[in-house]
Amino acid sequence: MRENRTSPPLGRVDLGEVPYERAMADMDEWVRQRRERATGDRLFLLSHPPVVTYGRATSPEHFAALFPGIPAVPTDRGGLATYHGPGQLVGYLVLGLRERGPGDIVRWLELGIIAALADLGLAAVRRDTPRGATSLVGVWTPDHRKVASIGMRVRGTITSHGFALNIDPDMSVYDTFTACGLRDVEMTSVRRMTAEQGVRMPSDAEIRDAVAARLGAVTTG
């Protein structure tokens, strides 16, 4: 996404663990506030208790072996099924596209997360989706394991939803459903990447700061 020279600043809002349904209700309010210009553009950084969320195109067979006790909740974002839980950084982006100019906001998010991981010493890539194939949107290791999922919605010219970056979640959950509709794709985490690439494991705060910095988000009063 190419920003105009006069683009408004992107505010950073750090939240703790927020139940998914509560966050969705809050997001509706965040979008309303932005549409009415009561607030500026904002990036909300948070986590959720364990939950699998899924878009309208998700097949029921994707949940064949989902862990008991982990709810599956429908959502209005793009994309298929994904997991949220402790050990994951979730970023919800509420901004006005009209003020920031035309561009591919999904690619902008991909490149921002890739740059943040590079700042932490970790190699990552984005992938183009072949025509007719299941979407490969997200952030990947160079050997094509997925570390971050992205699902956005645009209502009018206001974005909502965002990304989920696996820092150190319970990775066994991904063995119980089909993540992002990709049957043969392995999910991974920053924890696993640091071990494989011989890099120090950054703290959660360092990861949040790196991602926020690369997306141009600054803490506002």
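The structure displayed is predicted, hence computed values, not measured ones.

Chemist: Just checking my understanding: could you explain helix α5 (residues 204–214) for this structure?
Modeler: Three- or four-residue spacings in an α-helix give side chains the same orientation, since the helix completes a turn every 3.6 residues. Regarding α5, the residues found buried are I207, R208, A210, V211 and A212. In the stretch just after α5, G216 is the one whose phi turns positive, near 75°.

Chemist: What exactly am I supposed to notice about the sheet that holds strand β5 (residues 82–84) here?
Modeler: The mixed open sheet is built from three strands, whose spatial order is β4-β3-β5. Each edge of the open sheet is held by one strand with a lone partner, namely β4 (72–74) and β5. For this sheet the average axis-to-axis angle between neighbouring strands, irrespective of direction, equals 35°.

Chemist: Quick question: what am I supposed to make of the packing of aromatic side chains here?
Modeler: To describe a pair of aromatic rings, one takes the distance between the centres and the angle between the planes. One pass over the full model with this rule turns up one aromatic pair. Ring centres of W30 and F44 lie 3.6 Å apart, and the angle between their planes is 5°; this geometry places the pair in the stacked category. Of the two residues, W30 is situated in helix α1 (residues 20–35) and F44 in strand β2 (residues 42–47); the sequence distance between them amounts to 14 residues. The two residues W30 and F44 agree in class, both being buried. Here the guanidinium or amino end of R127 rests over the ring plane of W140, the centre of that ring lying 4.5 Å away.

Chemist: Please clarify how the pattern of salt bridges should be interpreted in this entry.
Modeler: Pairs may arise between side chains of opposite charge once their charged atoms sit close together. As enumerated under the stated definition, the model contains 16 salt bridges in all. The network of salt bridges with common partners includes R12, D14, R208 and D209.

Chemist: Is there a simple way to explain unusual backbone geometry in this structure?
Modeler: Trans is the prevailing form of peptide bonds, just as negative phi is the prevailing case for residues other than glycine. Positioned with a positive phi, H144 is a non-glycine residue whose angle comes to about 70°. A residue is classified by how much of its surface remains accessible, and H144, at 38% relative accessible area, is partly exposed. With a phi angle near 60°, H161 is a residue other than glycine that sits in the positive phi range. Position of H161 among the secondary structure elements: in strand β9 (residues 158–166). Exposure remark for H161: the relative accessible area of 1% places this residue in the buried category.

Chemist: Help me understand the nonpolar core in this model?
Modeler: The tendency in soluble globular proteins is for nonpolar side chains to be buried side by side. If you look at the biggest cluster of nonpolar residues, it comprises 33 residues, and the most contacted ones within it are L93, F163 and L165. For this core, the secondary structure elements donating two or more residues are β2, β6 (88–94), α3 (105–119), β8 (146–155), β9, α4 (190–197) and α5. A total of seven residues in this core trace back to one element, the largest contributor, which is α3. Once residues within four sequence positions are removed from consideration, L165 is found in contact with Q88, L89, I113, V147, A148, V190, I207 and V211. With 16 residues, the next largest nonpolar core counts M27, F44, L46 and I158 among its residues.

Chemist: Is there a simple way to explain the pairing of β2 in this structure?
Modeler: Strand residues, when the strand is regular, have side chains that alternate between the two faces of the sheet. A large share of β2 lies buried, amounting to six of its six residues. Here β2 shows no split at all, with R42, F44 and L46 on one side and L43, L45 and S47 on the other all buried. With five bridges connecting them, strand β1 (residues 10–17) and β2 associate as parallel partners. What sits directly across from D14, in β2, is L45.

Here is what the cut-offs are and how they apply
- Residues numbered from 1 in each chain as written.
- Predicted model: local features only at pLDDT ≥ 70, side-chain atom pairs only at ≥ 80, totals over all residues.
- Heavy atoms only, no water.
- Buried < 20%, exposed > 50% of the residue type's maximum accessible area, 1.4 Å probe, protein only.
- Helix = DSSP H or I, 4+ residues; strand = E, 2+ residues; numbered from the N terminus.
- Pairing = 2+ DSSP bridges.
- Axes fitted to C-alpha atoms, helices over the stretch in contact; angles between N-to-C directions.
- Phe/Tyr/Trp six-rings, centres within 6.5 Å; stacked < 30°, edge-to-face > 60°.
- Lys NZ or Arg CZ within 6 Å of the ring centre and 35° of its normal.
- Salt bridge = Lys/Arg side-chain N within 4 Å of Asp/Glu carboxyl O.
- Core = buried A, V, L, I, M, F, W, Y, C linked by side-chain atoms within 4.5 Å.
- Contact = heavy atoms within 4.5 Å.

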